[in-house]
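Analysis of the macromolecular model
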Amino acid sequence: MFNMSDSDVASVVYDLDPACSVDDVQSGRPYLATVNGVVKYGVFVDLTESVSGLVHESALADSYEVGDDLVVELDERKANGDLAFVPAGIEPIGATLERVTPDYDVITTGQLETYLETTIQLEAEIAQVRQTGGPTIFQLLDGHGIVPAAAFESAGVRAYPEVDVGDVVRVIGSVERHEESLQLEIDELTVLESQEAAETQATIDDAVAERAAPNDVDPLVEWSALDEMWPELERVATLLRKSILEGRPVSVRHHADGDGMCASVPLQRALERFVADVSEDPEAPDHAIRRLPSKAPFYELEDATRDLTQALEDRARHGQKLPLVCMLDNGSTEEDVPSYETLEHYDVPIVVVDHHHPDPDAVAHLVEEHVNPYLHGEDYAVTTGMLCVELARMVDPEPQETTDELAHVPAVAGLCDRSDADAMADYIDLADESGYDEDDLRDVGEALDYTAHWLRYDDGRHLVDDVLNVGCDDPERHEELVDLLAERSREAIDTQLDAALPHVESEDLENGASLYRIDVENHAHRFTYPAPGKTTGAVHDHMVEEHGEPAISIGFGPDFAVLRSDGVRLDIPEMVSELTDDIVGGGVSGGGHLVVGSIKYVEGRREEVLDSLVEKMAAAEIDEDLGTTTTAIE
Ligand code: MN
């Protein structure tokens, strides 16, 4: 080595990172700057796009043009915030550049509270861009949470128009409290490119994956049927949590009956609570989670089209991502396929938790997860409500709290769908600990069914919460409401039976089963509660009580029939598929559970369809062990 004199050592010049602000500029340090304007009294220089100042003419020995580099030192920070610089006496060419990165703490959205009223730096993905009448609101996600960040260009004008949903960005801003919640006020927002963007994205993805992992809870009751579906439920819980962490709304579609309500209401509540935990935006739970009933136990095109239209509008108007669709107590069958294909066109992901007899091959390639007891050799007795209470416990940020609140729900679901599972006894014991005896639970189920009927296409949010006693803050109201609705439901069923029973036609089938037929179009009240399905069920129950099993009931209208049975080994999905082939021009479709279901056909072929149906029923095997069979309702 040899000695160098000082003059041989290249001078260090500081180069301010674009993320830096004026607070990063220190007196006595030489900074690289670029001339951006020449005026009579001096030159304006940029240290970065956002850090600029004036070098006064009196300090300048040379003349400069726009675009020239020069090295400056801070001379003065004026009261109004303007900066004055002087030349540092160092040539930029040959200087050793040292990058200055900003002095802000680099934090995650999980640490915002600690940094209140402090300028921080955050790297995140844009989850949503919404233009208000004032600022532009960017929702930032980083896997630890989601925070709204406001940037103001001028009232109603889009700030950073180049920034879009999905971009990975670096934001410098101050953490502010905005009406009880936290928000970032953006000083600077930079879209990250290539390598840097990829690294940040990977960090975000890791954080999302970590927080998306479901709660490690034990099943409410010991039951081998649940054990088998447990990993699938955990995967659904993961997808739901991930969706929320990524700022993707969840749209729940559930069968509009008691079990469907027992499935969807707890999950809706758990999801909303998770959203509130993840997002700093107080309105996020309302926007992120939607729950709507479906009249049929499958996803009708009318519903799917409405959901898609709404989602596309939310995207266009509020910069929102398209939702994850969560099908509960429906969604397992071939009849769902047209709707699924429509959604697939827009890459809308779908998960299904159901206990209707499935067509797994028809839907498998269209859904992310398909949880259904039939796929594990179990049956409808594992109701969707039982499964979704567990799902809610996996999703909720406070699993213990939600467990206590939901203890009675699986029993209600089981009674609604007449589950004959061994686990029912345990579920009823569990509900008993929360003060519900079996009659109470039946009343809740009856009240839910009754409410579901009158709600039609409405979610009836708060009313349903009160009926089911999930998130209801007034237990007395819950009790009185259930009494009222259950009573009214029973009265309505009695009224319907008074009209219908005298018209029931009975015959004995070859296999020994009794067949009961009722024309629900002409011999029952229409457009009221109970609807044809439940009316047929009530007629069936009445006849079985009077005359015993085995028994089959058909409630038919001009172009549909509802089927109920006890003690007969029917396979309604199979019968429907045979009828579809056998009766040319019959337009037969339908399905449901194995021993209960519904069939649609064209009116002109009604006689042939029903005759052929009865023929198949007469050939069905009788269940020898009559004592253990029960009928499920849809
Ligand atoms: Mn059900």
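Residues numbered from 1 in each chain as written. Predicted model: local features only at pLDDT ≥ 70, side-chain atom pairs only at ≥ 80, totals over all residues. Heavy atoms only, no water.

**Structural notes on unusual backbone geometry**
- The amide bond that connects Tyr529 to the next residue, Pro530, takes the cis arrangement and shows omega of -5 degrees.
- Here Pro530 shows up in the loop between β20 (514–519) and α15 (532–547).
- In this model, Glu549 is joined to Pro550 through a cis peptide bond whose omega is -5 degrees.
- When you line up the elements, Pro550 lands in the loop between α15 and β21 (551–556).
- One non-glycine residue, Glu179, adopts positive backbone phi at about 45 degrees.
- Counting through the fold element by element, Glu179 comes out in the loop between β12 (168–178) and β13 (181–191).
- For Glu179, a relative accessible area of 68% gives the class exposed.
- The residue Ser194 is not glycine, and still its phi comes out positive at about 30 degrees. (Helix = DSSP H or I, 4+ residues; strand = E, 2+ residues; numbered from the N terminus. Buried < 20%, exposed > 50% of the residue type's maximum accessible area, 1.4 Å probe, protein only.)

**Overview of the coordination of the manganese ion**
- Protein coordination at the manganese ion: the donors are Asp259 (OD), Asp329 (OD), Asp329 (OD), His355 (NE2) and Asp417 (OD), at 2.2 to 2.8 Å from the metal.
- Read N to C, the donor residues that coordinate the manganese ion are spaced as D-x69-D-x25-H-x61-D. Of this pair, Asp329 sits in the loop between β16 (324–328) and α6 (337–344) while Asp417 sits in the loop between α10 (409–416) and α11 (424–433), and the two are 88 residues apart along the sequence. Here Asp329 matches Asp417 in class, with each residue buried. (Donors = N, O, S within 2.8 Å, 3.2 Å for Na, K, Ca; no water.)

**Side note on the domain arrangement of the protein chain**
- Here the domain parsing of the protein chain yields domain 1 (12–100), domain 2 (109–209), domain 3 (213–425) and domain 4 (504–622).
- With 19 residues of domain 2 at the contact, the number on the domain 3 side is 15 residues.
- Interface area, domain 2 with domain 3, both sides summed: about 1300 Å², of which 54% is carbon and sulfur.
- Sorting the residues of domain 2 by area buried against domain 3 places Gln128, Ile146 and Val208 first, and these three jointly supply 36% of that buried surface.
- Remark: the boundary between domain 2 and domain 3 carries one salt bridge. (Domains from an automatic or database assignment. Contact = heavy atoms within 4.5 Å. Buried area = accessible area lost by both parts, 1.4 Å probe. Salt bridge = Lys/Arg side-chain N within 4 Å of Asp/Glu carboxyl O.)

**Some remarks on the sheet that holds strand β19 (residues 505–508)**
- The strand order β19-β20-β21-β22-β25-β24 describes an open sheet built from six strands, whose pairing is mixed. Strands with a single pairing partner mark the edges of an open sheet, and in this sheet they are β19 and β24 (589–592). With strand direction ignored, the average angle separating the axes of adjacent strands in the sheet is 15 degrees.
- When β21 meets strand β22 (residues 560–566), the two strands line up antiparallel, connected through six bridges. The partner of Ile552 across the bridge, within β22, is Ser565.
- Running at roughly 30 degrees to β22, α15 makes contact with β19, β20, β21 and β22 of the sheet. (Pairing = 2+ DSSP bridges. Axes fitted to C-alpha atoms, helices over the stretch in contact; angles between N-to-C directions.)

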